[in-house]
Amino acid sequence: MDLSQIKIDLQNPDFQYRLKAIAALKDFTAEVAIPLLLQHVKDPEFLVRTFVARELGRQKNAESFAALLQIMRYDNTPNVRAEAANSISLFDRIAASHLVQAFHQDDHWLVRRSILSALVEMQCYPETFEICCVGLAGDDAAVQEACIDGLGSLASSNQSALALSKLLELKNSEFEYIRVRVAYALTQFDTPEAKAAIVELRCDRDYRVVGAAMENLL
């Protein structure tokens, strides 16, 4: 699609045209694409704003980074904020502190899980441990499960001891779903404490926890 057609389609009231035009901007330089993308960061259609966030992540410069931060903080749709978080993570280490701050401020499960996945992928170990603790202190089960998995991902990192200590605290949780995820996460750790905890969980009162703790024997 040529640039003139993209500009026409971006003004089309049918959002499907706007989506295709935004996707087509991937073939253009940041100098061309970013000004057009910025015109649609407040598009009335959330799918269009999601595409804008995705494309801004491909056009990596200071202007797109600043725009993504604004989207992640202020857009009223969780899907868009989550996409902005994913795009911000493409800027590597400079993005880590901003993602942590967003995790503290945004308690929507989709946004939080997106941020956690991004930090794990970026191998930002201290930041991952920090937000796992924050997420576990909340009351969203999906986030709690993801945070336990996040602690498991730290088994070979410089946060290993802290992560294991946190998991050992959780192995006696009153909630079965927590203990199930802890059983899986502990299998990532090759320490006497982790192995002893797994043996203990094989005697859990809930068969799902027992199954999770036994899985590494199969």
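Anything mentioned here points back to the structure above.
Description of the structure in this document. No experiment lies behind these values; they were computed from the predicted model shown.

**Quick look at the nonpolar core**
Core analysis: the biggest nonpolar cluster contains 70 residues, and Leu 99, Ile 115, Leu 119 and Leu 186 have the highest contact counts within it. Aside from chain neighbours lying at most four places away, what touches Leu 119 is Ala 96, Leu 99, Val 100, Cys 124, Glu 127, Thr 128 and Ile 131.

**So, the side chain of Glu 45**
In this fold, Glu 45 is placed in the loop between α3 (30-38) and α4 (46-58). Buried and unpaired, Glu 45 has Arg 18 as its nearest opposite-charge partner, separated by 5.9 Å. From its side chain, Glu 45 meets the backbone nitrogen of Leu 47 in a polar contact 3.2 Å long. Not counting chain neighbours up to four residues away, the residues in contact with Glu 45 comprise Phe 15 and Arg 18.

**Some thoughts on the packing of helix α10 (residues 141-152) against helix α12 (residues 176-186)**
Orientation of α10 relative to α12, taken along the N-to-C sense of each, is 20 degrees, at an axis distance of 8 Å. With respect to α12, the axis of α10 lies roughly parallel. α10 and α12 meet at a crossing whose hand is right-handed. From α10, Ala 141, Gln 144, Glu 145, Ile 148, Asp 149 and Gly 152 reach across to α12, where they touch Tyr 177, Ile 178, Arg 181, Val 182 and Ala 185. Across the contact of α10 with α12, the residue classes break down as six nonpolar, two polar and three charged.

**Let's talk about the environment of Trp 109**
Tracing the backbone shows Trp 109 in helix α8 (residues 109-121). In this structure Trp 109 comes out as partly exposed when scored by relative accessible area, which is 40%. Ignoring anything within four residues of it in the chain, the contact list for Trp 109 reads Asp 140 and Val 143.

**Side note on helix α2 (residues 15-24)**
Residues Arg 18, Leu 19, Ala 21, Ile 22 and Ala 24 constitute the buried set of α2. Contacts made by the buried residues of α2 are with α1 (3-9), α3 and α4. A distance of 3.0 Å separates the backbone nitrogen of Gln 16 from a side-chain oxygen at the start of α2, and that oxygen is part of Asp 14.

**Brief notes about the packing of helix α9 (residues 125-137) against α10**
As a packed pair, α9 and α10 sit with axes 8 Å apart at the nearest point and diverge in direction by 150 degrees. The angle between the axes of α9 and α10 places the two elements in the roughly antiparallel class. For α9 against α10, the interelement crossing comes out left-handed. Listed contacts from α10 to Thr 128, Phe 129, Ile 131, Cys 132, Gly 135 and Leu 136 of α9 are Val 143, Gln 144, Cys 147, Ile 148, Gly 150 and Leu 151. A per-class count over the contact of α9 with α10 returns eight nonpolar, four polar and no charged.

**Observations regarding the state of the cysteines**
One pass over the structure, following the stated rule, counts zero disulfides. Considering cysteine sulfurs only, Cys 147 is the nearest to Cys 132, which forms no disulfide, with 4.6 Å between them.

Definitions and limits used
- Residues numbered from 1 in each chain as written.
- Predicted model: local features only at pLDDT ≥ 70, side-chain atom pairs only at ≥ 80, totals over all residues.
- Heavy atoms only, no water.
- Core = buried A, V, L, I, M, F, W, Y, C linked by side-chain atoms within 4.5 Å.
- Buried < 20%, exposed > 50% of the residue type's maximum accessible area, 1.4 Å probe, protein only.
- Contact = heavy atoms within 4.5 Å.
- Helix = DSSP H or I, 4+ residues; strand = E, 2+ residues; numbered from the N terminus.
- Lys, Arg positive; Asp, Glu negative; His and termini not counted.
- Salt bridge = Lys/Arg side-chain N within 4 Å of Asp/Glu carboxyl O.
- Polar contact = N/O pair within 3.5 Å; in protein donor to acceptor, adjacent residues only side chain to side chain.
- Axes fitted to C-alpha atoms, helices over the stretch in contact; angles between N-to-C directions.
- Parallel < 35°, antiparallel > 145°, perpendicular 65-115°, else oblique.
- Left-handed = near helix turned anticlockwise from the far one by under 90°.
- Nonpolar A, V, L, I, M, F, W, Y, C, P; charged D, E, K, R; others polar.
- Disulfide = S-S within 2.5 Å.

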